[in-house]
Every structure is written in structure tokens, then in C-alpha cells.
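# Survey of secondary and tertiary structure
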Amino acid sequence: MTAVHPGHPGSPLRPVPPGLRARHRRSTLRTLAFLSPWLIGFGVFFAYPLISTVYFSFMKYDGFAPPTWVGLKNWSYVFNDYPFFWPALRNTLWLVAVMVSLRVLFGIGIGLLITRIRTAAGLFRTFFYLPYLAPPVAATMAFVFLLNPGTGPANTILEAIGLPAPGWFTDPAWSKPSLTLLALWGIGDLMVIFMAALLDVPKEQYEAAELDGAGPWQRFRFVTLPNISPIVLFAVITGVIATMQYYTEPLVAAKVASGVIGGSGQQFEPGYPDRTTLTVPQIVYNLGFQRFDTGAACVVALVLFALAMAFTALLMRRRSGFMSAED
């Protein structure tokens, strides 16, 4: 039977010349050579750790003895018996919903303020950006001391003007809002990103909107927001991923507020006060490096990874709500 070319009915297929096959092979090898740094990095730092995490989630492994198969026992322990998992998950989801939303809104507001200032704009940019440069541990310790209910100046000022003085990091009702205030204090990164996006909005569109009688809110809604919507989507996605990995600030805040700043032999209850500052990354560390229960730690890590991927996929599917039709 004679082979027929699909594009030319009735005509026989021509054999591929050996030289052409060699050129294709060389082109493929050249492409793989250029891709090799990314392929090696992807395999070493993502694919292998992910596969290993899935593998160890079904194993009993303490980091010393050889791993042994236990099936779903690690999953059952984390979801049913480990007392810190559900409080940590609730706290993390609360921070994702509240902290990320407020940081984006606050970042847009500060960016709008800075772009409208005509005098000493550089001074204000520096003033709002400097807190972002502070090391996380030092910034958190200073913030906790400022909000200390007994000696901090924040409550002293509130009491002087007749306002109620919260317990802040020592009060379970105020601990997560206090962490949100700390995150808003270090808003410099989002301020710079939104400020650059706002300065890139075409002035002609504002002029056309003013000629049509649009007020400040209409100009923001129909001119500013559509132009900066890709940056809003970027800020939300990166904020969700960063908040799902929120570890240093709540841990340091809980230790300082509880009086356990350092030193060996000191007992510390994770998530002080009343587990309200406990986050999922903290229990990954607790299980893997304090209890040496690598299997259970891998289960929590996989849950965290699945949640981050789910949030990112949802936001990418709903990107039409952030981005204009032209984008």
C-alpha cells in the first residue's frame, strides 16, 4: 500500500532526508540545552521535593530510622487527632481573607495619595517605604512593645483621648487584627508597585472622563481601576501565596507577647494567646522539627500547597473581574 500525504490526496509520501532529521535532532538538543537550567531547577527544587513530600506523607519517618509504610494514618492523625491543625487553618484563612484584602486596598490608597501630592512627594514616599525595609523580627518585636497593654505608648495615647485600650497581642480577639496592623505598617512594597501603575494611566482618559462629567469616584472606577487591574491581580495572588507562608511575624509576636523571647528551657504555647496567632507553616515546623514526625508534617505541607494552588487557580479563572477586556 502506498502512503498518501494528507494534504495532497493521491500523492505518495516523500521520505524524510537524513540531513533534515539530523537538523531536527540538533535543533531539539539545542533547545533542551537552553532550557536545561530551568529544567534542572524545576526538577531539583520543585518536582523532587513535591514527590518526596507525597511519598513521606504515607510513611512513618522521624529523620533517623528508615521510613515505614503506614498508609493514611498520618492523614487521619493530622485531621482528627492533632490539636493545632484546625485552629492554624482557620487563622491562616482569616489572614488570607482580611489581611490580603486590606493590604491591597491600603496600597492603592497610599499610592493614590502619593501620586496626588505636589510638595515633598519624595519625603512621603520614603516615610511610607522605610517600614518595609525593617527586618521582620526586629519590626515585629518593636510593634509588640509599642502595643503592649501595660507599658506601650499606643494604649497610653488611646486612654488619654478617651478611647478604649485593647489588649492587642495579649487578647485573643485582637491578636489577628494586630498582625494585620503590622502588615499594613509595612505596606511599602505594594505602595511602590501601585504608584508606578497609577503614574502609567494615560492622562487623556482622565481628561475625557472629566469632559463627560465624571466625578472622582467615576474616574477611579472607569479609568483608574481598569488600567491598574493587572497589578491588582498580581498583588492579590502574590499576597495570598505570601500569607499562606506567614510564619515569622506571628511566631515572634506570640513569643514576645507571652514573655518568652529566648533562652533554653522556657515553655512556650504555640499560637499565644489561645492559639489565635498559630498559622499552618508554624505547625509544619512543629511537626517536622520539634516532634520529628516528618510524615504528619508532609501532610500539612501538602494541604498548604493544595490550598495555595486552589486560591491561585480560582483567582486566575476569575481574572476577568480584575482585568479589562483589552488585557
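Right above here is the structure, for reference.
These notes cover the structure that comes with them. (Residues numbered from 1 in each chain as written. Predicted model: local features only at pLDDT ≥ 70, side-chain atom pairs only at ≥ 80, totals over all residues. Heavy atoms only, no water.)

Judged by nonpolar contacts, the single largest core of 42 residues is most densely connected at Phe85, Val104, Ile108 and Ile283. Those elements that provide at least two residues to this core are α3 (85–116), α8 (188–199), α9 (203–211), α10 (216–244), α12 (280–290) and α13 (294–317). It is α10 that contributes the most residues to this core, 10 residues altogether. Not counting the four nearest positions on each side in its chain, phenylalanine 85 is found in contact with Val78, Phe79, Ile283, Val300 and Val303. (Core = buried A, V, L, I, M, F, W, Y, C linked by side-chain atoms within 4.5 Å. Buried < 20%, exposed > 50% of the residue type's maximum accessible area, 1.4 Å probe, protein only. Helix = DSSP H or I, 4+ residues; strand = E, 2+ residues; numbered from the N terminus. Contact = heavy atoms within 4.5 Å.)

This part covers helix α7 (residues 175–185). Among the 11 residues of α7, eight are classified as buried, and the element is accordingly described as predominantly covered. Listed as buried for α7 are Ser175, Lys176, Ser178, Leu179, Thr180, Leu182, Ala183 and Leu184. Where α7 is buried, its residues contact α3, α5 (136–146) and α11 (248–258).

With that settled, consider the packing of aromatic side chains. The relation between two aromatic rings is expressed through the spacing of the ring centres and the mutual angle of the planes. The tally for this structure, following the rule as stated, stands at 21 aromatic pairs. Ring geometry for phenylalanine 85 and tryptophan 86: centres 4.9 Å apart, planes at 75°, overall edge-to-face. Ring pairs connect the aromatic residues Phe58, Trp69, Trp75, Phe79, Phe85 and Trp86, which therefore count as one cluster. Here the basic side chain of lysine 176 rests over the ring of tryptophan 94, its NZ or CZ set 5.7 Å away from the ring centre. (Phe/Tyr/Trp six-rings, centres within 6.5 Å; stacked < 30°, edge-to-face > 60°. Lys NZ or Arg CZ within 6 Å of the ring centre and 35° of its normal.)

Before going further, it helps to spend a moment on the environment of alanine 154. Counting through the fold element by element, alanine 154 comes out in helix α6 (residues 153–160). C-alpha separation for the pair alanine 154 and proline 166, spaced 12 residues apart in sequence, amounts to 9.6 Å. Setting aside anything within four residues of it in sequence, one finds alanine 154 in contact with Leu146 and Leu147.

On to a positive patch on the surface. There is a patch of like positive charges on the surface, built from Arg21, Arg23, Arg25, Arg26 and Arg30. With respect to the helices and strands, the residue arginine 26 is situated in helix α1 (residues 18–56). When its relative accessible area of 48% is taken as the criterion, arginine 26 is described as partly exposed. (Patch = residues over 30% accessible without salt bridge, like charges linked within 9 Å, V, L, I, M, F, W, Y side chains within 5 Å. Areas by Shrake-Rupley, 256 points an atom, 1.4 Å probe, with all protein chains shown as cover. Salt bridge = Lys/Arg side-chain N within 4 Å of Asp/Glu carboxyl O. Lys, Arg positive; Asp, Glu negative; His and termini not counted. Charge placed at Lys NZ, Arg CZ, Asp CG, Glu CD.)

This model, assessed by the stated rule, comprises one salt bridge. Across the salt bridge formed by aspartate 189 and arginine 103, the nearest N and O atoms sit 3.1 Å from each other. Remark: arginine 103 occurs in helix α3 and aspartate 189 occurs in helix α8; sequence separation between them is 86 residues. Taking relative accessible area as the criterion, aspartate 189 reaches 21% and is therefore assigned partly exposed.

The next thing to look at is a nonpolar patch on the surface. Nonpolar side chains collect at one region of the surface, where Leu29, Leu32, Leu35, Trp38, Leu39, Phe42, Phe46, Phe305 and Met309 lie side by side and expose about 870 Å² of accessible area between them. Those elements giving two or more residues to the nonpolar patch turn out to be α1 and α13. No other element matches the seven residues that α1 contributes to the nonpolar patch. When you line up the elements, leucine 39 lands in helix α1. A relative accessible area of 39% means that leucine 39 is categorised as partly exposed.

In this section: the side chain of threonine 224. Note that threonine 224 resides in helix α10. A relative accessible area of 2% places threonine 224 in the buried class. Beyond its immediate chain neighbours, meaning those up to four positions away, threonine 224 contacts Leu198, Tyr206 and Arg219.

Helix-helix packing: each pair is described by the crossing angle between the helix axes and the interaxial distance. Contact geometry of α9 with α10 gives a least axis separation of 10 Å together with a crossing angle of 165°. It follows that α9 is roughly antiparallel to α10 by the angle criterion. As α9 runs across α10, the sense of the crossing is right-handed. Contact residues: Gln205, Tyr206, Ala209 and Glu210 in α9; Arg219, Val223, Thr224 and Asn227 in α10. Looking at the contact of α9 with α10, its residues break down into three nonpolar, three polar and two charged. (Axes fitted to C-alpha atoms, helices over the stretch in contact; angles between N-to-C directions. Parallel < 35°, antiparallel > 145°, perpendicular 65-115°, else oblique. Left-handed = near helix turned anticlockwise from the far one by under 90°. Nonpolar A, V, L, I, M, F, W, Y, C, P; charged D, E, K, R; others polar.)

From the geometry alone we can't say anything about function, so treat these as descriptive.
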